[in-house]
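Descriptive structure summary
In case you want the letters, here they are:
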Amino acid sequence: MTSILQQNDPDIFDAIENEVRRQNDGLELIASENFVSRTVLQAMGTALTNKYAEGLPGKRYYGGCQYADVVEDLARDRAKELFHADWVNVQPHSGASANAAVYLAVMKPGETFLGLDLSHGGHLTHGSPVNFSGILYRAEYYGVEKEGPLAGRIDMNRVREKALAIRPVMISIGASAYSRDFDYASFRSIADEVGAVLWLDMAHTAGLIATGILNDPMEHCHIVSTTTHKTLRGPRGGMILIGNDFENPFGKVAPKSGRVKNMGELLDSAVFPGTQGGPLMHVIAAKAVAFAEALQPEFKVYSEQVVLNAAAMAEAFIEAGYQVVSGGTDNHLVLIDLRNKGLTGKEAEAALQRAEIAVNKNMVPFDDKSPFVTSGIRLGTAAMTTRGLGEEEFRSVVALVDRVLSNVSDEGVMSEVRLSILEICRRFPLYDSVLA
Ligand code: DSN
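I will try to describe carefully the structure that is included in this document. (Residues numbered from 1 in each chain as written. Predicted model: local features only at pLDDT ≥ 70, side-chain atom pairs only at ≥ 80, totals over all residues. Heavy atoms only, no water.)

Moving on to the site of the ligand. The local shell around the ligand consists of S32, H123, S176, H204, K230 and R378. The side chain of S32 places a nitrogen or oxygen atom 2.7 Å from an oxygen atom of the ligand. Residue S176 places a side-chain N or O atom 3.1 Å away from an oxygen atom belonging to the ligand. Alone, the ligand offers 230 Å² of accessible surface; in the complex the protein occludes 63% of this. Split into classes, the residues belonging to the shell around the ligand amount to no nonpolar, four polar and two charged. (Near = heavy atom within 4 Å. Polar contact = N/O pair within 3.5 Å; in protein donor to acceptor, adjacent residues only side chain to side chain. Areas by Shrake-Rupley, 256 points an atom, 1.4 Å probe, with all protein chains shown as cover. Nonpolar A, V, L, I, M, F, W, Y, C, P; charged D, E, K, R; others polar.)

Right, let's talk about helix α15 (residues 391-406) for a bit. Spanning 16 residues, α15 covers 22 Å between terminal C-alpha atoms, matching the ideal 22 Å at 1.5 Å per step. For α15, the full list of buried residues reads E393, F394, V397, V398, L400, V401, V404 and L405. In a view along the axis of α15, the buried residues occupy a sector of 165°, so they form one face of it. (Helix = DSSP H or I, 4+ residues; strand = E, 2+ residues; numbered from the N terminus. Expected span 1.5 Å × (residues − 1). Buried < 20%, exposed > 50% of the residue type's maximum accessible area, 1.4 Å probe, protein only. Arc of directions from axis to C-beta.)

Turning next to empty space enclosed by the protein. Empty space left among the atoms is revealed by rolling a probe the size of a water molecule over them. Under the criterion given, the structure shown has three cavities of 30 Å³ or more. By volume, the largest cavity is sized at about 80 Å³. For the largest cavity, the lining is made up of 15 residues, of which A175, Y178, F182, H204 and T205 are closest to its centre. Across the lining of the largest cavity, the residue classes break down as eight nonpolar, five polar and two charged. Considered as a void within the structure, the second largest cavity measures approximately 60 Å³ in volume. Together, R22, Q23, G26, L27, E28, Q353, E356 and A358 line the second largest cavity. Contributions of two or more residues to the lining of the second largest cavity are made by α2 (10-25) and β1 (27-28). (1 Å grid on protein atoms, 1.4 Å probe; cavity = no way out; pocket = protein on both sides within 12 Å on 5 of 7 lines; lining within 4 Å. Points joined across faces, edges and corners; volume = space filled by probe spheres on them.)

What follows is the structure, given as structure tokens:
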């Protein structure tokens, strides 16, 4: 049957069809990606995209928001239940937007914060000099250890020393390429000692936190931001949460009442009107659907498998002679330093792409190459676990990755690997048609 989109805009239809085919027939190992359910896809492709709903449920700047309110209230209630949070804002368009609102609520331009170094696993929005966070604010960093028993891991004594030396307004936790869990209680005691706000960006691990597999940050961190995709398996988007809403320490007042806002109110206004206009209600509906899915027992089983698969993948890489940063993983990702293999991250990513294996090049701690080249690759298990792969299949995946990386210029090997991948993809089907 021809769809309306196919009939009316065949160019866009074809591009989407090709992308769906790419997702169906390739091995998706990018640690920040996942595959949403058809229910999530369907909620996103709806007429809710037409509706402006600036403000919050019950307090909008536009009429006709009664159903938008239902959607956003459901999203908020489900998110609170999922993370045991006191307050939530589900409107950020992305993780970066959520983080922009956190900075706006907590810091003044030029003030100092302490975050994880980008080259040690941090994120662009945690103070990179090319991002607003590093341009508007003074970023200081902690990192991971180069050697010793904590090699590749954060040493909390060093975080404390650094915090005492610079006295930051805010301390951030969270990473894009750190495969170990965080010690939130120690971070909080350091934040309390220096009088800093403690903020976690749990974008990568939100699904593993929601299901209790990783440490719970809610009672320790003042503010928690996240994306809603990645391990949480919702639509691309962002969100901010607070475990226990608290008096803001900055004295900012609510315009009408003149009273000091609590932190939730401060963050609400930092999202809108501070950094965004109208929320994307179709995406918020899809977030609500994904949160309901994540509250089901099946999502916990899935999340447990994500972590088991990552551990199996790390072990298999080590057995094949690869240097896994920190010697393993606690979460969904594995970071590999390729320097002993004579390959850059860029070369490895390109070779794997030719074999239909999607990974991303990634800086490794103490990297001597630029972010455009890098010495490492980052691999994650969230997406392929959604398709049903278990530990045995992930060990086979490592053997295929190793085959490619050991034969980067051999097109015969690439063809053979592509066939093996197609066979895996056929055994674990994804989407059966282009449109939801
Ligand atoms: N781009 C995401 C990642 O790959 O980790 C973070 O924003």
